[in-house]
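Residue-level listing of the chains:
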Amino acid sequence: MTKIMIFLSVLLAACVANYSPPPVSVYDLRCENLTNPLSIDSHTPHLSWKIYFNGNGGKQTAYQILAATDSTWLQEDKADLCNTGKVAEPLSVMIPYPGEKLEERALVYWRVRVWDEKDKASQWSQTACFGTPLSDSELREADYIGFPKDTGNPQSPLLRKSFEWNGEGRCLLYVNSLGYHEVYLNGEKAGEQVLVPAVTQMDKRSLYLTYDVTPYLNRGNNELVIWLGQGWYRPGLPGAVYEGPLVKARLDLYRYGQWQALCLTDTSWQATESGFSSIGSWQWQQFGGERIDASAVPANMSASALDQLKWRPAVVVQAPEHVVSPQMTESNFITDSLKPSGIKKLCDSVWLVDMGKNMTGWAGIKFAGLQKGQEITIEYGDQLDDSGIMVDQAQKDCYVASGAQKEYFCNKFAYHGFQYVRISGITALSPDHITGYFIRTGFENSSSFQCSDSDLNAIHDMIQYTLQCLSLGGIIVDCPHLERLGYGGDGSASTATAQTMFNLSPLYTNWLAAWADCQRDDGWLPYAAPYPYWCGGGPYYSGFMITASWQTYLNYGDVRLIEKYYPAMQRWLGYVEKYSSNGLLEPWPDKWYLGDWAGPDGLDQSDRRTVDLVSNSFISICYGMMEKIALRIGRNDDAQRYATANERLKKEIHKHFYDEDKHIYATGSQIDLAFPLLAGVTPTPLVPAATQSLIRETENRKGHFFCGLVGIPTLTEWAIKNNRPDFIYGMLKKKDYPGYLYMIENGATTTWEHWENWKTSWSRSRIHNCYNGIGLWFYQAVGGIRPDENDPGYRKIWVEPQIPKGVTWAKTSKDTPYGRLNCDWTLNGNILELSLAVPHGSVACIVLPQQASEYVLNGKKSSGNRDPIVTVEGGLHKITYLYSSK
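Below or above, wherever it landed, is the structure these notes cover. (Residues numbered from 1 in each chain as written. Predicted model: local features only at pLDDT ≥ 70, side-chain atom pairs only at ≥ 80, totals over all residues. Heavy atoms only, no water.)

The next subject is the overall build of the protein. For the protein, the count of helices and strands is 17 helices and 43 strands. Relative to the globule expectation of 29 Å for 886 residues, the C-alpha radius of gyration of the protein, 29 Å, shows essentially globular dimensions. With the C-alpha coordinates of the protein rotated into their principal frame, the extents come out at 80 × 70 × 65 Å. For the protein, the residues scored as buried account for 61% of the 886 residues in total. Sequence-distant contacts, at least 24 apart, represent 74% of the contacts inside the protein between residues at least 6 apart. Split by element, the accessible area of the protein, about 34300 Å² in all, is 48% carbon and sulfur. Computing the positive centroid from 80 side-chain charges and the negative centroid from 95, the protein places the two 3 Å apart. (Helix = DSSP H or I, 4+ residues; strand = E, 2+ residues; numbered from the N terminus. Rg over C-alpha atoms; globule rule 2.2 N^0.38 Å. Buried < 20%, exposed > 50% of the residue type's maximum accessible area, 1.4 Å probe, protein only. Contact = heavy atoms within 4.5 Å. Areas by Shrake-Rupley, 256 points an atom, 1.4 Å probe, with all protein chains shown as cover. Lys, Arg positive; Asp, Glu negative; His and termini not counted. Charge placed at Lys NZ, Arg CZ, Asp CG, Glu CD.)

Counting residues in hydrophobic clusters, the biggest one holds 207 residues, and the most contacted among them are Tyr740 and Trp777. The element contributing the most residues to this core is helix α10 (residues 608-632), with 11 residues. In this structure, Trp777 is in contact with Leu456, Thr716, Ile720, Pro725, Ile728, Tyr729, Leu732, Val782 and Pro804, ignoring residues within four places of it in sequence. Formed by 28 residues, the second largest nonpolar core is a distinct cluster that contains Val183, Tyr211, Leu251 and Cys263. (Core = buried A, V, L, I, M, F, W, Y, C linked by side-chain atoms within 4.5 Å.)

Before going further, it helps to examine the packing of aromatic side chains. Two numbers describe a pair of aromatic rings. These are the distance of the centres and the angle of the planes. Scanning all chains against the criterion turns up 43 aromatic pairs. Pairing Tyr180 with Trp282 gives two aromatic rings, centres 6.3 Å apart and planes at 70°, and the pair type is edge-to-face. Placement of the pair is Tyr180 in strand β11 (residues 180-185) and Trp282 in the loop between β18 (276-279) and β19 (289-293), with a sequence separation of 102 residues. Considering the side-chain rings of Trp232 and Phe287, the 5.8 Å spacing of their centres and the 75° angle between planes classify their relative orientation as edge-to-face. One end of the pair, Trp232, is in the loop between β14 (220-229) and β15 (246-255); the other, Phe287, is in the loop between β18 and β19, and 55 residues separate them in sequence. Counting every residue linked through ring pairs, the aromatic cluster contains Tyr180, Trp232, Trp282, Phe287 and Tyr415. (Phe/Tyr/Trp six-rings, centres within 6.5 Å; stacked < 30°, edge-to-face > 60°.)

Following both chains from N to C, one finds α10 and helix α11 (residues 636-657) inclined at 160°, their axes separated by 8 Å at the closest point. By the angle class used here, α10 and α11 are roughly antiparallel. As α10 packs across α11, the resulting crossing turns out to be left-handed. Per-class residue counts for the contact of α10 with α11 are 13 nonpolar, 6 polar and 5 charged. (Axes fitted to C-alpha atoms, helices over the stretch in contact; angles between N-to-C directions. Parallel < 35°, antiparallel > 145°, perpendicular 65-115°, else oblique. Left-handed = near helix turned anticlockwise from the far one by under 90°. Nonpolar A, V, L, I, M, F, W, Y, C, P; charged D, E, K, R; others polar.)

On a regular strand, one side chain projects to one face of the sheet and the next to the other, so that they alternate. On strand β31 (residues 447-451), burial follows the alternation: Ser447, Phe449 and Cys451 on one face are buried, whereas Ser448 and Gln450 on the facing-out side are not. Alignment of β31 against strand β38 (residues 809-816), held across 5 bridges, turns out to be antiparallel. For Ser447, the partnering residue across the bridge sits in β38 and is Lys814. (Pairing = 2+ DSSP bridges.)

The subject of this paragraph is the pairing of strand β10 (residues 170-178). When you tally the buried positions in β10, you get 9 out of 9 residues, the bulk of the element. Both faces of β10 are covered, namely the face carrying Arg170, Leu172, Tyr174, Asn176 and Leu178 and the face carrying Cys171, Leu173, Val175 and Ser177. Across 9 bridges, β10 lies against β15 in antiparallel orientation. Paired with Cys171 across the two strands is Leu253, which belongs to β15. Where β10 and strand β13 (residues 205-212) come together, 4 bridges link them in antiparallel fashion.

Another aspect to go through is the environment of Val26. Mapped onto the elements of the fold, Val26 is located in strand β1 (residues 24-31). Judged by relative accessible area, Val26 falls into the buried class, the value being 10%. Taking the C-alpha atoms as reference points, Val26 and Ala240, 214 residues apart in sequence, are found 46 Å from one another. The residues contacting Val26, other than those within four sequence positions of it, are Trp49, Lys50, Val112, Arg113, Val114, Ser122 and Ser125.

Taken in spatial order, the 6 strands make up an open sheet running β12-β11-β14-β9-β17-β20, and their pairing is antiparallel. Each end of this open sheet is capped by a strand with a single partner; those strands are β12 (188-189) and β20 (312-313).

Time to look at α11. With 22 residues, α11 should reach 32 Å at 1.5 Å per residue; the first-to-last C-alpha distance of 31 Å fits that figure. Close packing links the buried residues of α11 with α9 (559-578), β33 (584-585), α10, β34 (658-659), β35 (664-665) and α12 (670-679). (Expected span 1.5 Å × (residues − 1).)

The next subject is the pattern of salt bridges. This structure, assessed with the given rule, holds 36 salt bridges. Glu444 serves as the salt-bridge partner of Arg30, at 2.5 Å between the closest nitrogen and oxygen. With Arg30 in strand β1 and Glu444 in the loop between β30 (434-441) and β31, this residue pair connects regions lying 414 residues apart in the sequence. Among the residues examined, Arg30 registers a relative accessible area of 9% and is labelled buried. In this structure, Arg701 and Glu697 form a salt bridge, with 3.0 Å as the shortest nitrogen-oxygen distance. For Arg701, a relative accessible area of 30% translates into the label partly exposed. Connected via shared salt-bridge partners are Arg105, Glu138, Glu141, Arg250 and Asp252. (Salt bridge = Lys/Arg side-chain N within 4 Å of Asp/Glu carboxyl O.)

Rendered as structure tokens:
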């Protein structure tokens, strides 16, 4: 045996030594930017893949796609849906499905291989899969069912059905719940998703999820349970017509390209109460939580435990007509867990738990020795007041004990934003009794930034973490606990940052659908979408439809999105023009007409001059985006019309708001000066004077940011476009009020709703999306990486670090649609050494400073007249050149 083991070890070592990885390989296959989606909303989807070359250089010159109704048929002579043959194209992102238009509920297996510039083929990729949507008739075959409200509490019922399976084929379960749901098969939870489906405008649209439940099934009899929770489906909110959540579902068997229904929701299903019920209306600052009566909760989801409950026939409910479509964004998942940093006993039975940082999600708590019926109150908050008392934010759960020796509390269909947990009604608590579960939409954390300045790193990390706390349910909210709304103002301010830090193409697909669903026939758009209850804003908020669509195209390169929502954008601009007088937008018939928001104390953001200037400068930005969008979708006449309207508007803004004597616009605040400069309002001869006024205003504010939600991204984008890294850097380094380091110095782990460190009973959110627009600066200025408007989705990348004085190195990375982009640089004196990893399929244009008369690229010194732009293709590159800041 010893000799055999020695022989095998030597043989393995020899194999490893002689192994040579393939020169090119294909990985990360996606359909509509999702991995193996079982239902998508298209019959002609778009496919993508990434390419890896072993060694430097290399590019795809051709590809071949096979598609079949069975994974075993993915061979060139058997692929029954599509065999493209060798297609001489270098494209690998958003390739239209090359076969014939697919039928409803087609299940498609596919794989791809590519050829390099030497005409060498890769091996076939791993097999991927996608499914097309259910037909309308298939959706109508199932009923919406719920718990009969006249027999108990319908807020969180269990719905149950038995069915038979012969052990063959693949079984898919389609679940369209109005409210949240979880699925259980034979006592086991299907999937790791929580708080599903994603959020929609529920009077216009609901979503269904598709589960492959085959691994959970037994040959013969099986038990299916769908557990429902209210979520956004509750009385008083759009689309809700029943006191409890509803569900429509169907389970189907797929075998050899054919479908067979195993069960549909109808009155044959059984229903029972679960022991869970809701607290709070889910309207402004009333998000409450859950009440859990542990005596009524099943011990587990096995058939024997379920049989102990009192079951009755489910009731069919007629829901209003609306669109039902597949969920096109990732679901919510628990992505992290953490233990408390401290526990304090406030009195005999009240405890304050500090989780160490703010978070969005759940707290799981272990109890022991409770009496049956003993009531435990769990409250949540993101801050303490000056007395150390947790600020009341109407976040509350209630646990009623069963009397078992050991008990456990955790939410199921509610969530909270918190750092602190106050637990009342128990006599003992230790750190091992409580765990925090961080929940967010399951997108990829696709970027990193680190530099020689620890203050910058701390600010970057706080912003990146904050955005994760806000991205739940397929949208980005203002805060997770007080309003929980997808505000367009916060979104317009943070989209460029968020899409740089994360792969959010699916999330924005879902979010923009909600905006389109909310639009009125006259073009009006709300200030948040979905729009479950009344809220305020201004043009910067409702114009999100334009800014987010453009940014999503810029970052991910899918032209279909701007084509789809172009009519909605046009209608909104028509609404704007309806309320424009003498060439300028004026307050429309709405109580709300904000300019900037959440500015520091001493800034009058309500001054009519600044409100009008900010609003009209933003409309100018929108006209500019619409011109570019129209050109990209072939609407050249529209492009010219928007260009003309924009030039006319810019002249009116300058004429109406510019003070020639003082060289300022409107009130002369930071945003009043930066926004016209950013929008191109300022005539070229006046740009130096207006710029100097902005610098002087900042100096007068002791070098601080002195603006709010709209001003932060405006200053950020202006500074990036004008290569002014020291302007932003100086403000970021301020540790006193107002500023980011001021937040951190005062214990912030997420960014606040206001610059002020209020510690009163009426303090606002400490987990908020007001000031996160600065995050773009870390990547595009210090990191030096920017996408190209004319070749979007990072197919073409601009590389130009803007280095503040005192920063000596930076490491920046980002996952692009083509692969990982890395840009690392070190400044030694005035010599910049830059290492660049360019994704295969992309090209990078390195912009050299004017004073860099020569450079060394990959060990080779430049000669003769140099081009100010050095272009490199996919692979690893190293360039050294003379650098000095402007």
